[in-house]
Amino acid sequence: MLRIAGIGVIVAAIVIALSTYTVDERERVILFSLGEVRKVDLEPGLHLKFPLINNVRFYDARIMTLNIPPDRFLTSEAKNVIVDFYAKWRIEDVGQFFRATGGDERVTEDRLAQILRDGMRNEFARYELTEVVSGERDIIMGAVRDEALETASALGVDLVDVRIRRIDLPDEVSESVYARMSAERQRVAQDFRARGQETAERIRSRADRDRTVILANAYRDSEEIRGSGDAQATEILGTAFGADQDFFTFYRSLLAYRSSITGEGSTFVIDPSSDFFRYFKDPAGRGQANGSP
């Protein structure tokens, strides 16, 4: 009796196992009935099925990565570039996915890879090499994704994103690009030097002009000051001469003596009775140059 009960439990467990299945929230599920699609995208949780009549296929609903081997593409200048890129995709409509690809992820990735290669080829042919290398990657990737979305939708998948890992140049292209970039940098450097020299000449000319103007103004001011000083000196001397003629004559003679007798052994070839020595003979200066009282 116990043996029969044990067998019944085992049979019941087998029947339950064959009659139930669990759907994970990370999965997409198709329920088949005698080989035909009965239900798709069942809710996560425990579900029942009829053994031998129904069967279930599970597919990953998470975002998957499609790694595409690096390939060569031509730019608008007929220059080769080696592009390493990848795509992110996920199953959007599991029923359409099964009908279009038989539910084979490898078939899906092969078709997506071909679609993306064609899109890359078309987009790269629109740009020059410098644009591709320098800053048009996001535009190219967006255009490739937009172009591939409709075809991907026909496969029942959503093309989430397309990204470039690396763009390499063949050796012969690298050398020509380097030569072109070097020539461009030299041209820019020469342009900067020419503009710098032009600015320096402009500054130098302005400085020379300002120097000339400053010197001319300074000379003019100095001449004006000197003329004013001479006028004041003449006025002072005239006033002094008019106030005391004898003192003025004496003072001028002292200045003449100091300027003429500048050291030991000074020699004069002059008549002793000349007016120059009048204050040596008559300190009061009232005598005449010929010595008469």
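Residues numbered from 1 in each chain as written. Predicted model: local features only at pLDDT ≥ 70, side-chain atom pairs only at ≥ 80, totals over all residues. Heavy atoms only, no water.

### Description of unusual backbone geometry
Negative phi values dominate among residues other than glycine, just as trans dominates among peptide bonds.
Part 1 of the argument: Not every positive phi belongs to a glycine, and Ala78 is a case in point at roughly 65°.
Part 2 of the argument: Here Ala78 lies in the loop between strand S6 (64-74) and strand S7 (80-91).
Part 3 of the argument: Taking relative accessible area as the criterion, Ala78 reaches 56% and is therefore assigned exposed. (Helix = DSSP H or I, 4+ residues; strand = E, 2+ residues; numbered from the N terminus. Buried < 20%, exposed > 50% of the residue type's maximum accessible area, 1.4 Å probe, protein only.)

### So, the sheet that holds strand S8 (residues 157-168)
Part 1 of the argument: Strand order in the open sheet made by the three strands is S6-S7-S8, with antiparallel pairing throughout. Since the sheet does not close on itself, it has two edges, and those belong to S6 and S8, each with one partner. For this sheet, the mean inter-axis angle between neighbouring strands, taken without regard to orientation, is 25°.
Part 2 of the argument: Examined bridge by bridge, S6 and S7 share nine bridges and lie antiparallel to one another. Looking at S7, one finds that Arg72 is bridged to Ile82. (Pairing = 2+ DSSP bridges. Axes fitted to C-alpha atoms, helices over the stretch in contact; angles between N-to-C directions.)

### Comments concerning the nonpolar core
Part 1 of the argument: Within the largest apolar cluster, 36 residues are counted, with the highest numbers of intra-cluster contacts made by Phe85, Leu116, Met120 and Phe124.
Part 2 of the argument: For this core, the secondary-structure elements that each account for two or more residues are strand S2 (27-33), S6, S7, helix H2 (94-101), helix H3 (105-124), helix H4 (129-134), helix H5 (137-154) and S8.
Part 3 of the argument: In contact with Phe124, not counting residues within four places along its chain, are Phe73, Leu74, Thr75, Ser76, Val81, Val83, Val132, Ile140, Ile164 and Ile167.
Part 4 of the argument: Counting residues in hydrophobic clusters, the runner-up holds five residues, among them Val23, Leu31, Leu42 and Val56. (Core = buried A, V, L, I, M, F, W, Y, C linked by side-chain atoms within 4.5 Å. Contact = heavy atoms within 4.5 Å.)

### As for the pattern of salt bridges
Part 1 of the argument: Per the stated rule, a full pass over the model turns up 17 salt bridges.
Part 2 of the argument: Measuring nitrogen to oxygen at the nearest pair gives 2.9 Å for the salt bridge that ties Arg204 to Glu201. Residue Arg204 and its partner Glu201 are located together in helix H6 (residues 171-243), separated by three residues, close to a single helical turn.
Part 3 of the argument: By relative accessible area, Arg204 is classed as partly exposed at 43%.
Part 4 of the argument: Notably, a salt bridge pairs Asp221 with Arg220, separated by 3.2 Å at the nearest N-O pair.
Part 5 of the argument: Arg220 gets classed as partly exposed once you look at its relative accessible area, which sits at 43%.
Part 6 of the argument: Taken together, the shared-partner salt bridges connect Asp138, Asp161 and Arg163 into one network. (Salt bridge = Lys/Arg side-chain N within 4 Å of Asp/Glu carboxyl O.)

Geometric values such as these leave the question of function open.
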